[in-house]
Structure formats: structure tokens, C-alpha cells
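# Structural description and commentary
As a plain string of letters, each chain reads:
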Amino acid sequence: MLPPSDSDLMTRARAGSAEGLRMLVDRHKNPVVNYLWRMTGCRVRAEEMAQESFVRLYLTPPRLDNGASLAPWLFRVATNLVRSEERHARRSRLVRWLFRTSNGHNPATAPPPPDQERRLLAQEAQLRTQQALAALPVTFRAALVLREIQELPYEEIARVLGCPVGTVRSRINRGRALLREQLAPYWNGDAT
Amino acid sequence: VKNARPPDRPPDSAAPDAEADAVADARLTRALRDLPHADASPTFTDGVLSRATAGTVPSARRWRLAYPALLAGAAALGASLLLLRPSVRPLAPPSAAPTEAVVRAELEQLRQLRREQRDLAAEVENLRAHPREAFLPVVYLGRSGDIDLVLDLAQFQHGLRTGEEGEPR
């Protein structure tokens, strides 16, 4: 027997079936959390925003064609949440800058034991990549993460971002170029 | 050779550039794919269900949602202050003494509000211009009779320093 489609589950959830909503959440939660983790760089925020995306799904359900997947809608809501969150963060940074008092100092960390070095180097590479990714403008970051990490086809990314496929391709290329620029000093060993 | 075009750049430099580009591109793809994947926490679905059925919003967002209401309240207050101006009150009796007194009092309130607004704007401007100086450490010690006792730590520190050096003030 075929599993129920997203639109079937949406109809059930709209009729008040908690089981319908539960099945929808279980079906889509991991890609959404993973996408938001890469977009925000923070696991906790990613979970919180993913939950909010699903709550919005319940409160303002989209109109789904028969057999259509809910994933593009969820990714679109998640992207908008990131955008709005970053706008808010920019305003907060400005206020913090206006009312700053002193610079906190970072305590020195102890050198790692030699047996952990390899793991730490891999972690550092991931951290640098994540930091460079987080520094990209949302427009490029969203296209890049959806393509390179979520491995969505171009057509689906275009549906998520609401733009033509050609624009998606150009945003991905531009995003990749910006990322390479940012990571080049680290790759070349020039970064501190 | 007829119609042959000169190369845009020396033929030797093009190949290494393209190769370096390809290497960097492959490295970037690998770096992105190497990023670990996250799964939702075990309590994720229950969290969504409880929030959805309760119709609640996260506490951090409550204030953000309240902003429009606060702005609307402020706009309503501004509008009511504008309506209190005598020029926009055509129905007011022209020569009734109590009404004139009321209008005068309201005008005075309005002037006071404008003064406060100007003072606040100047203060904000000052904060922007001198963010550090605006936060000199001051401790309020209390009240003695009609006098507020305030200790300016910057001056106190200066006094200590000059005292240590033994210089007369």
C-alpha cells in the first residue's frame, strides 16, 4: 500500500487530525532542520525555526495540488524566517554597538592533545566552511545550501526561491565564487 | 592564416588558471558535502504538535509581534494630541472661560511634551556621538534631607590616583 501523499496528510491535519500532522512533520523534519542548521550555523536556532515552520504549516496551511510535495513550501517558509531573523539581528547589532561598554576578552584555550589533532583539523575545516557560508547574503546562501547540501534539483530550488531556473544557477555560481574567495586564505594557509 | 585572431592572453597562463579553478571548485564541493548532516531531536515532533495545538508563539517572538500594536498605540496617542490643538477644534465654544482654561492647560501640556521630545532627541544624538562618555560609572548612594548623594566613580578614581602620587589637588 502506498504511503499517503502530502496533500492527503494536509487534508487530515486541517480536519483536526493530530496523526496527519505528526506524519507530515516526521516526513519532512530532518531536511528542514538540516537546511536551517546550515543557513543559521546554530543547531538550537535551527530546531526552533524548523518548529516554527511546521507550526505555520498548521496555522496557515498552503494549497497543495494532488501528489505535490510540501518540501518547497517548507523550505520557502524556513528561508523567510532566516531572512527576518537576520534583519532583526542586524538591528540588534546596531543597538549593541551604540550601547557597548567594553570588549570582553577571550580566555586562552589549552593546546589539544596530539591524538585529537586530526579530528580537530577536520572540525576546523567544517567550522571555517560554515562560517564562510554564514557570511554569504541569504539570497546566495539559500540557493547554495539547497543545491549543494540538500541536493535539490534546480527546478525545485526555483520553486522554493520563487525565481527562474537561470537565476538559481547564477546565484549558485556567484555564491560559490564568494565562498571560494573567503576560504582561499584558509586553504592557502594564510589565515590566522 | 587568414581570419586568425590573436589570443586574448598568453596561451601558457590560461591552462594553469583553469586547472587551479577546477581544483578550488572541487575542493569547495567536497568541503560543503563534508559538512555533517543533522537530524531533528527526538522531541521535535511532540514540540511542534504541542505548539501547534496550543497556538502559541515562542516567548522571544512575543515582543516582536507586540511591536505593531505598540506602534499603533503610539500613533493613536499622537493623533489624539494633534486633535487637542485649538486650531483643529472648530466645535469648541469661542468665548467660554472654562474651555479657554482647559485649552491653555492642554497647550501647556503639549509644549511640555514637545520640550521632552526635543530633550530626548538631543540625548539620543549625544549617545550616538559619544557612546562611551555617556556611560560614566555613577553610583546613587541615597538621599539625605533634600540632597541626593551621588558618587562619580571616575572622579573618585582620579582622586585616589592623585592621592597615591601625593600631589596636592
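Before reading on, note that the structure itself is shown above.
Reference entry: report on the structure contained in this document. (Residues numbered from 1 in each chain as written. Chains lettered and ligands numbered in written order. Predicted model: local features only at pLDDT ≥ 70, side-chain atom pairs only at ≥ 80, totals over all residues. Heavy atoms only, no water.)

## Structural notes on the overall build of chain B
Cut-off, in case you're wondering: In this text, helices come from DSSP runs of H or I with a minimum length of four residues, and strands from runs of E with a minimum of two, each type numbered from the N-terminal end. Buried means the residue's accessible area, taken with a 1.4 Å probe over protein chains only, is under 20% of the maximum for its type, while exposed means over 50%, and partly exposed covers the values in between. Contacts were defined at the residue level, with two residues in contact if any of their heavy atoms lie within 4.5 Å. Accessible surface area values rest on a Shrake-Rupley calculation with a 1.4 Å probe, where residue burial reflects the displayed protein chains alone.
Within chain B, the secondary structure is distributed over 5 helices and 2 strands. Written out in order from the N terminus, the α and β elements of chain B read α-α-α-α-β-β-α. The buried share of chain B, reckoned over its 169 residues, is 14%. When contacts within chain B are restricted to residue pairs at least 6 apart in sequence, long-range pairs at least 24 apart make up 10% of them. Surface exposure of chain B reaches about 13300 Å², of which carbon and sulfur atoms provide 59%.

## Considering the pairing of strand 1 (residues 138-144) of chain B
Residue and element names in this part refer to chain B. To keep it simple, the criterion reads: A strand pair is defined by DSSP finding two or more bridges across the two strands.
With 6 bridges joining them, strand 1 and strand 2 (residues 147-152) adopt antiparallel strand pairing. Looking across to strand 2, one finds that Gly 142 is bridged to Leu 149. Here strand 1 hands over to strand 2 after 2 residues, with Gly 145 in that stretch at a positive phi of 65°.

## What to know about the interface of chain B and chain A
Our working rule: Buried surface area refers to the total accessible area, computed with a probe of radius 1.4 Å, that the two partners give up upon joining, counted for both partners together. Should a side-chain nitrogen of Lys or Arg be within 4 Å of a carboxyl oxygen of Asp or Glu, the pair is scored as a salt bridge. Identification of polar contacts relies on pairs of N or O atoms within 3.5 Å, with a donor-acceptor requirement for protein atoms, meaning one able to donate a hydrogen and the other able to accept it, and with residues adjacent in sequence counted only if both atoms are side-chain atoms. Residues are grouped as follows: Ala, Val, Leu, Ile, Met, Phe, Trp, Tyr, Cys and Pro are nonpolar; Asp, Glu, Lys and Arg are charged; all remaining types, including Gly, are polar.
Listed per partner, the contact involves 35 residues of chain B and 43 residues of chain A. Each partner contributes to the roughly 4000 Å² buried at the junction of chain B and chain A, and carbon and sulfur atoms together form 57% of this total. In this assembly, chain B and chain A are joined by 6 salt bridges. The salt bridge partner of Asp 25 of chain B is Arg 180 of chain A, with a shortest N-O separation of 3.2 Å. Where chain B touches chain A, the interface holds 17 residue pairs in polar contact (both at pLDDT 80 or more). If you list the elements that add at least two residues to the side of chain B that touches chain A, you get helix 1 (11-34), helix 2 (44-54), helix 3 (59-83) and helix 4 (97-129) of chain B. If one sorts the elements of the side of chain B that touches chain A by residue count, helix 1 of chain B sits on top with 10 residues. Partitioning the side of chain B that touches chain A into residue classes produces 16 nonpolar, 7 polar and 12 charged.

## Considering the packing of aromatic side chains
Each aromatic ring pair is described using two quantities: the centre-to-centre distance and the angle formed by the ring planes. All names here are of chain A. Selection rule: A pair of Phe, Tyr and Trp rings is counted when the ring centres sit within 6.5 Å of each other, with Trp represented by its six-membered ring. The angle between the planes then sorts it: under 30 degrees is stacked, over 60 is edge-to-face, the rest tilted. Sitting over a ring, as applied to charges here, requires NZ of Lys or CZ of Arg to be within 6 Å of the ring centre and within 35 degrees of the ring normal.
A full pass over the atoms with the stated rule returns 2 aromatic pairs over all chains. Plain terms: the ring middles of Tyr 35 and Phe 75 are 5.1 Å apart, the flat faces sit at 80° to each other, and that makes the pair edge-to-face. Residue Tyr 35 is located in helix 2 (residues 18-40), and its partner Phe 75 is located in helix 4 (residues 71-98); the two are separated by 40 residues in the primary sequence. For the pair shown, Tyr 35 and Phe 75 are each scored as buried. In this arrangement the basic side chain of Arg 38 is found over the ring face of Trp 37, its NZ or CZ atom lying 4.1 Å from the centre. When the ring centre of Trp 37 is taken as origin, the NZ or CZ atom of Arg 43, which lies over that ring, is 5.7 Å away.

## Structural notes on helix 8 (residues 165-187) of chain A
A turn of α-helix holds 3.6 residues, and therefore any two residues three or four places apart point the same way. All names here are of chain A. The cut-off we apply is this: In this scheme, a helix's expected span is set at 1.5 Å multiplied by one less than its residue total. The term bend refers to the angle at a residue between two fitted axes, each drawn through seven residues, those ending there and those starting there.
Look at helix 8: 31 Å from first C-alpha to last across 23 residues, which is about the 33 Å you get at 1.5 Å a residue. Maximal helix bending in helix 8 amounts to about 30°, located at Glu 181; proline Pro 185 follows within four positions. Along helix 8, the positions that sit buried rather than exposed are Val 168, Arg 171, Ile 172, Gly 175, Arg 176, Leu 178, Leu 179, Leu 183 and Trp 187. At the C-terminal side of helix 8, Gly 189 shows a positive phi close to 80°.

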